Amino acid sequence: MSNSGQKFLKITSILMIIGGIIAAIAGVIAILGVSALAALSGSAEGAGLLYASSIIVTISSVIQIIAGIKGLKACKDPEIAGKCVTWGIVIAVLSIISMIIGLIGGGDFNITSLALNLLVPGLYVYGALQIKSNANR
């Protein structure tokens, strides 16, 4: 089994778990903040995009935690590394969707942010592919 693939997958899995926990907390706080904002303004008008973005962040963070746990398991059991590739791609797609919603909501496009949002899922997929290809030999 590839030692470098294992290292990539293990490190990125741990980063995904930590990032997922932080993002889940931030997502719940954001949902509560949007609710408070809607209550204070007396209208939920315009809050739909904020709710959608907050919910996507929360769902994405839970998926990220699950993917991180699956990645750690794949380091020990190469048979499940193929599923980790799918998890990593889903997380990358959700990151892109989240950025698009942010742009629609009036945010600015930042290539550095895009690269950083795709870096960990990209390395996670790379590590899973390394483990998967070495398991198939």
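Residues numbered from 1 in each chain as written. Predicted model: local features only at pLDDT ≥ 70, side-chain atom pairs only at ≥ 80, totals over all residues. Heavy atoms only, no water.

1. Some points on the nonpolar core
- The biggest cluster of nonpolar side chains holds 15 residues, and the ones touching the most others in it are Leu9 and Tyr124.
- Broken down by secondary-structure element, the contributors of at least two residues to this core are helix H1 (3-41), helix H2 (48-76), helix H3 (81-104) and helix H4 (111-135).
- Residues contacting Tyr124, with those up to four places away along its chain left out, are Leu9, Thr12, Ser13, Met16, Ala67, Gly68, Lys70, Gly71, Cys84, Trp87 and Gly88. (Core = buried A, V, L, I, M, F, W, Y, C linked by side-chain atoms within 4.5 Å. Buried < 20%, exposed > 50% of the residue type's maximum accessible area, 1.4 Å probe, protein only. Helix = DSSP H or I, 4+ residues; strand = E, 2+ residues; numbered from the N terminus. Contact = heavy atoms within 4.5 Å.)

2. Remarks on the environment of Ser61
- Counting through the fold element by element, Ser61 comes out in helix H2.
- Since its relative accessible area comes to 1%, Ser61 is described here as buried.
- C-alpha separation for the pair Ser61 and Leu9, spaced 52 residues apart in sequence, amounts to 18 Å.
- Aside from chain neighbours lying at most four places away, what touches Ser61 is Gly20, Ala23 and Ala24.
- Only 3.3 Å separates the side chain of Ser61 from the backbone nitrogen of Ala24, close enough to count as a polar contact. (Polar contact = N/O pair within 3.5 Å; in protein donor to acceptor, adjacent residues only side chain to side chain.)

3. Details of H1
- Along its 39 residues, H1 runs 55 Å from first to last C-alpha, staying within 8% of the 57 Å computed at 1.5 Å per residue.
- Every buried residue belonging to H1 is among Gly5, Leu9, Thr12, Ser13, Met16, Ile17, Gly20, Ala24, Gly27, Val34 and Ala38, and all of these are buried.
- Two residues or fewer after H1 comes Gly42, characterised by a positive phi angle close to 80°. (Expected span 1.5 Å × (residues − 1).)

4. Topic: the environment of Thr58
- With respect to the helices, strands and loops of the structure, Thr58 is situated in helix H2.
- A C-alpha to C-alpha distance of 9.5 Å links Thr58 and Ile21, two positions 37 residues apart in sequence.
- Not counting residues up to four positions away in its chain, the partners in contact with Thr58 are Gly27, Val28 and Ile31.
- Of note is the side chain of Thr58, whose polar atom sits 2.9 Å from the backbone oxygen of Ser54.

5. Quick look at a nonpolar patch on the surface
- A cluster of nonpolar side chains, contributed by Leu49, Ile96, Ile100 and Ile104, occupies part of the molecular surface with about 350 Å² of accessible area.
- Take the nonpolar patch: its biggest share by element is 3 residues, from H3.
- Locating Leu49 in the fold gives a position in helix H2.
- Taking relative accessible area as the criterion, Leu49 reaches 35% and is therefore assigned partly exposed. (Patch = residues over 30% accessible without salt bridge, like charges linked within 9 Å, V, L, I, M, F, W, Y side chains within 5 Å. Areas by Shrake-Rupley, 256 points an atom, 1.4 Å probe, with all protein chains shown as cover. Salt bridge = Lys/Arg side-chain N within 4 Å of Asp/Glu carboxyl O.)

6. Re the layout of surface pockets
- As a volume, the largest pocket reaches approximately 350 Å³.
- Around the largest pocket, the lining is made up of 18 residues, and of these Ser60, Gln64, Ile91, Ser95 and Asn117 lie nearest the centre.
- Elements that contribute at least two residues to the lining of the largest pocket include exactly H1, H2, H3 and H4.
- Of the residues contributing to the lining of the largest pocket, the split by class is 11 nonpolar, 7 polar and no charged. (1 Å grid on protein atoms, 1.4 Å probe; cavity = no way out; pocket = protein on both sides within 12 Å on 5 of 7 lines; lining within 4 Å. Points joined across faces, edges and corners; volume = space filled by probe spheres on them. Nonpolar A, V, L, I, M, F, W, Y, C, P; charged D, E, K, R; others polar.)

Just distances and angles here, no functional claims.
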